[in-house]
Every structure is written in C-alpha cells, then in structure tokens.
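These are the residues of each chain, in order.
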Amino acid sequence: MSQQSDQFKRLVAHCKEYGFIYQSSEVYDGLAAVYDYGPYGAELKNNIKRYWWRAMVDMHENIVGIDAAIFMHPKTWKASGHVDAFNDPLIDNKDSKRRYRADVLIEDHIAKIEGKINKEVTKAKKRFDNFDEKMFRETNGRVKGYQEKINAITERLATAMTNNDMEELKAIIVDLDIADPDTGSRNWTDVRQFNLMFSTQLGNIAGTEGKLYLRPETAQGIFVNFLNVQKSTRQKIPFGIAQIGKAFRNEIVARQFIFRMREFEQMEMQFFVRPGEEMKWYEYWKEVRMKWHKALGTPDEKLRYHDHEALAHYANAALDIEFEFPFGFKELEGIHSRTDFDLASHSELSGKKMQYFDPELNENYVPYVIETSIGVDRMFLATMSQALVNEVVPGSDDPNNKRDVLKIPPALAPVKCAILPLKRNEEAIVNKAKDIFNQLKLSFHCQYDDTGSIGKLYRRQDAIGTPFCITVDFESLEDNMVTIRDRDTLKQERVSIEKVAEIVGKKVDMKHILA
Ligand code: ATP
C-alpha cells in the first residue's frame, strides 16, 4: 500500500474511533457519500464555521450574514443556469458497471504524469548539491517531455469542457488509453451529461409544477435576497453577504470520504462591486482568503492557487485554493468573478430589477460579484489530515514509544482543556477536579475524565487534539496548584488553579489567528 493511501486510511479510522465522523446510517450498511459528525467532529466543525464567520462577517463592517432556506422557488435554478447546465460528464465502464466522471479520469491521468515529474525531481535532488529545481524542470529532456504532454492534454480537456463536447471527452479517454482505475477495463460507454441536482415534490401541487430542488449551492439564496439585504441594512457598494449552510449534489463519483459528499456544507460570501472594478476585488479576495488559511499555521507548501482553464458559464475569472490532501493537491476553496450574471438573470426571469443606485456616480447599475466559496467538510478534512501525527513521544529515547496526536490549532480544537484527577478513587481529589471543571466550563469547552489511568487519559486527549490537560493530585489539595500539560511539547508546569482559565484562555482564543 502506498504511504499516501495508508495515511488516508489511518485518518478515516481515527475519525471513527475517536468520535469525529461516522458513516451515515451505518446500521443499515451506510448511505454512500453521506456522513454524520460525532461529538468531537461537531465541535471541530462548529469551530471552523465560527472562525470563518468571525473572519468574514465580524471583521468586515461591510459584510453581513444571512441564513436562507434550502428550498427555493424552482425558477431560481432556471435563472442560475443549474437546470440547464449543472451537469457533469458521465461515463460508464461496460465491464465493471462502474460510473466515473470523464473529466476526473482525464485529470487523474494528468496527475499521474505530474507524479512522474516529481519522481524525476526527487531523484535529481538527491544526486546534485546546490540543486536548482526551476532550471532542472526547464531543461531536463524527460521532464520537458512530460510537461508538454500535460499541457497538451490540459488544453484539450479545457476546450472540450468549455464547448460541452462529450464526443471529444470520450476521444481523449480513448487516445490516452485510460482504463477503469478499479479493474483495468477499457470498455467504455459514450460520455453523456448528468444533472447533479436532487429534486423532490411539493405536497399540494402535482406534476412538474410542484418540482422542487435541494439547493446545490448556497449562493443563490444570497442573490435573490440582494435587494432585501441592501435595503434593510443600508449597505453601500462594495459590500458582501455571507452565509453558511447545507448544499446537495448528486455526485457521480463520491469515494474520497468527506472530500466529495452528496450532502455537505458551504461557507460562501458574495461581494457586490461596481462593474469594471471586479478584477481589483478578485485579487483582493484571493489574497485575503489565502491569509485566512495560512493564519492557522498551514505551511506554504501545502497550499497553492490553481487558475481555472475552463470557466463556468457565469464567470470571467476563477481560481481554486488547493490543499495537499493525503490523495494529492485538490480544490479546497473556489474564488470566482461571477460578473452580473446571477443578478441580471434573476431580474430577467422575475421581472424585478435587481439594481443598485450608486450615489457617488449618480447612476443605477447591476453590481458585479466576487464569490468566495469553501466547503466546511473539505476544510474539516484538510484540518484533520494536517493535524494527525504519529510520532515518537517527545522526550522519549525509545523509538517504539509512539503516540497518535492531533495537532489541531488550539482555537479550533474540539476540547480546549481536560481536567483529570490523578486518582479516581480519592474523593477529595475527584471533588477538587470537578470543582475546577465547573469553573473552567464557563470559559470554554472542557472535559472531565476519570475513566482510566493518567497515562491512558493523556493519550486519549492527544488523540482528540486537546491542547491542555490539567492534573489534580494530592498536593493540589494542600497548595491549590495543578499540573498543566502542553499537548505538543508535553512540557508540564505547576500553576495556581486561579491562573488556569487565563493561561488556557490566552492560547485558545481565536483573536490571535484573526489578528
Ligand atoms: P469540484 O470541482 O471538486 O467538484 P466544484 O468546483 O464543483 O468542486 P464549487 O461549486 O466551486 O465546487 O463549490 C465550492 C466549494 O464547495 C468547493 O471548493 C468545495 O470546498 C465545496 N464542495 C463542492 N462540492 C462538494 C462536495 N460534493 N462535497 C464536499 N464539498 C464540496
């Protein structure tokens, strides 16, 4: 098994064992690509959402938040283009009966060639001192050959996707000799379009008139409320509307745990600007959103921008912020310049003018929009995959003395502080520990635990990412001091009980990363 897939399997198992994520309806053998968040998962997810909301809404005077309904008038999805164009190119393998996204098969093929380039680079790095990677990539014959192949395929794929050319997509798959990744069969059907929206039926109207969709993105709830929000909050352009909520997509291939789900959550912000100023704001949000990720301590080499070659029907510029997941660099967040497409379409189909009167210019216009859109679940996966470490216990000389530790940024950690009595049978110690817990729980999410030996309790808190453990012992009864243990360094310090809330509070406060 490759190191990457091994790491990913360990992550999925860890999520289940420690109460972060369970397969939905597991007792019935599960529902594919749908997941439930367990007690620690729910806490982490809430903290991620809070970090986003604090950074986007609380930190910007000109951004307000809303919470729109999942069901919307069916015309919404006609205007947005989802009924006609929210499709993925689908291909079936006739032998294995497995279904794939044609574009993803081709992208995975490109990733394989990229893997070959990386291998060459790694080999050369070992061979030469003062290795100049840029120069090597530009001059090495084999690498250049691979890169030319990638460029040619990328261009062909982009053209086919832009033109909705299903025959060409099939031709690319055949020309590249792409096989079913699971079985190796090359017996493919033609490529056809598959609409990703789930639909359901209103109770009191029969037939297509009563057909409703589960929203495939939260953005449209923002667009149809543009006038309501602008008028009721008196915001002046440029301003933004933010929202966190569920979205649903009938994904064709959904195999990478919570990376691609059929029910997921998005954190989206639509920023309304003067026409002609959209590229300035596109650049602005590109920078600001990258900073948001890096403020969590994510190293530079784990994040990158990826400009879109093929643009969606509504966009005049688009890029992804990609994160290096255990299965490679993939989209974590999208930043799109959506022009005036959505507001203009809703104006046309609803007959209500969605315009803004700009007092400085003394004119009416349909604002342009920059969107930042990130999946809560993908951010969760990125956070977990970066945090989970299997390491030799700090300070130990024994290389086999290992621990699993989740090095989650303290501000996002599900439990901030665990209060552990050294002896669970000593009433005085237990009572003291419970008193401390009852005090600390007023400040942040804490946990009292006396279900095992202190060593076991520490390991368990490491595995759920608790930044601080407080141990109450016999001496605490005399001197009102406890031992505070740091998750990452394992340093232990004796501190007065009165100081604990302040010490922990300082470290787990979101203020530091927001600043
Ligand atoms: P992809 O190319 O991976 O299908 P997308 O370009 O369709 O994603 P967007 O429509 O831009 O995604 O959605 C914005 C964000 O919502 C994505 O960056 C991602 O974080 C999240 N997202 C989209 N689809 C899913 C899904 N099926 N499961 C989990 N998160 C998703």
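How each quantity is defined
Residues numbered from 1 in each chain as written. Predicted model: local features only at pLDDT ≥ 70, side-chain atom pairs only at ≥ 80, totals over all residues. Heavy atoms only, no water. Salt bridge = Lys/Arg side-chain N within 4 Å of Asp/Glu carboxyl O. Helix = DSSP H or I, 4+ residues; strand = E, 2+ residues; numbered from the N terminus. Buried < 20%, exposed > 50% of the residue type's maximum accessible area, 1.4 Å probe, protein only. Lys, Arg positive; Asp, Glu negative; His and termini not counted. Polar contact = N/O pair within 3.5 Å; in protein donor to acceptor, adjacent residues only side chain to side chain. Contact = heavy atoms within 4.5 Å. Arc of directions from axis to C-beta. Near = heavy atom within 4 Å. Areas by Shrake-Rupley, 256 points an atom, 1.4 Å probe, with all protein chains shown as cover. Nonpolar A, V, L, I, M, F, W, Y, C, P; charged D, E, K, R; others polar. Core = buried A, V, L, I, M, F, W, Y, C linked by side-chain atoms within 4.5 Å. Phe/Tyr/Trp six-rings, centres within 6.5 Å; stacked < 30°, edge-to-face > 60°. Lys NZ or Arg CZ within 6 Å of the ring centre and 35° of its normal.

## Some words on the pattern of salt bridges
Here is step 1 of the chain: Enumeration according to the criterion identifies 43 salt bridges in this entry.
Here is step 2 of the chain: R274 is the salt-bridge partner of E360, the closest N and O atoms lying 3.2 Å from each other. Taken together, the residues E360 in the loop between β14 (356-358) and β15 (363-365) and R274 in the loop between β10 (263-273) and α11 (278-294) connect sequence positions 86 residues apart.
Here is step 3 of the chain: When its relative accessible area of 69% is taken as the criterion, E360 is described as exposed.
Here is step 4 of the chain: Under the relative-accessibility criterion, R274 is labelled buried at 18%.
Here is step 5 of the chain: Across the pair D473 and R494 runs a salt bridge, and its minimum N-O distance is 3.0 Å.

## Focus on the side chain of E278
Here is step 1 of the chain: Structurally, E278 can be placed in helix α11.
Here is step 2 of the chain: We note that E278 is buried and unpaired, the nearest opposite charge coming from K280 at a distance of 10 Å.
Here is step 3 of the chain: There is a polar contact of 2.8 Å between the side chain of E278 and the backbone nitrogen of G276.
Here is step 4 of the chain: Residues within four places of E278 in sequence aside, it is in contact with V273, N316, S337, Y368 and I370.

## Topic: helix α8 (residues 166-175)
Structural remark: α-helix, 3.6 residues per turn; residues separated by three or four positions point the same way.
Here is step 1 of the chain: Every buried residue of α8 is listed here: M166, L169, K170, I172 and I173. Considered in projection along α8, the buried side chains sweep an arc of 155° and stay on one side of the axis. Turned more than 90 degrees away from the buried face of α8 sit E167 and D175, all of them exposed.
Here is step 2 of the chain: Residues of α8 that are buried in the fold lie against β4 (87-92), α5 (102-127), α7 (141-162) and β6 (192-195).
Here is step 3 of the chain: The backbone nitrogen of E167 lies 3.3 Å from a side-chain oxygen of the residue at the head of α8, namely D165.

## Side note on the site of the ligand
Here is step 1 of the chain: Surrounding the ligand, one finds 17 residues, the nearest of these being E251, R260, M261, E331 and G375.
Here is step 2 of the chain: A distance of 2.7 Å is found between an oxygen atom of the ligand and a side-chain nitrogen or oxygen belonging to R260.
Here is step 3 of the chain: In this structure, an oxygen atom belonging to the ligand sits 2.9 Å away from a main-chain N or O atom of L332.
Here is step 4 of the chain: Calculation on the ligand without its partners gives an accessible area of 600 Å², and the protein chains cover 86% of this total.
Here is step 5 of the chain: Looking at the shell around the ligand, the elements that each hand over two or more residues are β10, β13 (328-339) and β16 (368-375).
Here is step 6 of the chain: Of the residues forming the shell around the ligand, the biggest block, five residues, is contributed by β13.
Here is step 7 of the chain: Considered class by class, the residues forming the shell around the ligand number five nonpolar, five polar and seven charged.

## Focus: the nonpolar core
Nonpolar side chains in soluble globular proteins tend to end up buried together.
Here is step 1 of the chain: Among the nonpolar cores identified, the biggest contains 65 residues, and F20, I21, W52, I258, F380, L381 and M384 are the most heavily contacted of them.
Here is step 2 of the chain: The biggest single contributor to this core is helix α2 (residues 39-58), with eight residues.
Here is step 3 of the chain: If you look at the next biggest cluster of nonpolar residues, it comprises 27 residues, including I110, L169, I172 and I252.

## Quick notes on the side chain of S385
Here is step 1 of the chain: Within the secondary structure, S385 sits in helix α13 (residues 376-387).
Here is step 2 of the chain: On the basis of relative accessibility, which here comes to 9%, the residue S385 falls in the buried class.
Here is step 3 of the chain: At a separation of 3.2 Å, a polar atom in the side chain of S385 contacts the main-chain carbonyl oxygen of A382.
Here is step 4 of the chain: Those residues within four positions of S385 in sequence are excluded, and the remaining contacts are Q7, L11, F323 and P326.

## Quick notes on the packing of aromatic side chains
Here is step 1 of the chain: According to the stated counting rule, one finds 22 aromatic pairs in the structure shown.
Here is step 2 of the chain: On the basis of an interplanar angle of 85° and a centroid distance of 6.3 Å, the ring pair of F223 and F272 is categorised as edge-to-face. Taken as a pair, F223 in helix α9 (residues 219-223) and F272 in strand β10 lie far apart in primary sequence, 49 residues in all.
Here is step 3 of the chain: By relative accessible area, F223 is classed as buried at 0%.
Here is step 4 of the chain: Relative accessible area serves as the criterion here: at 0%, F272 is assigned to the buried category.
Here is step 5 of the chain: Arranged with centres 5.0 Å apart and planes meeting at 55°, the rings of F271 and W281 form a pair that is tilted. With F271 in strand β10 and W281 in helix α11, this pair connects stretches of sequence that are ten residues apart. Note on accessibility: F271 and W281 belong to one class, buried.
Here is step 6 of the chain: These aromatic residues form a ring-pair network of at least three members: F8, Y35, F257, F259, F323, F325 and F327.
Here is step 7 of the chain: Across from the ring centre of W292, 4.3 Å away, lies the NZ or CZ of R289, which sits over that ring.
Here is step 8 of the chain: Lying over the aromatic face of F259, R378 brings its terminal NZ or CZ to 3.7 Å of the ring centre.

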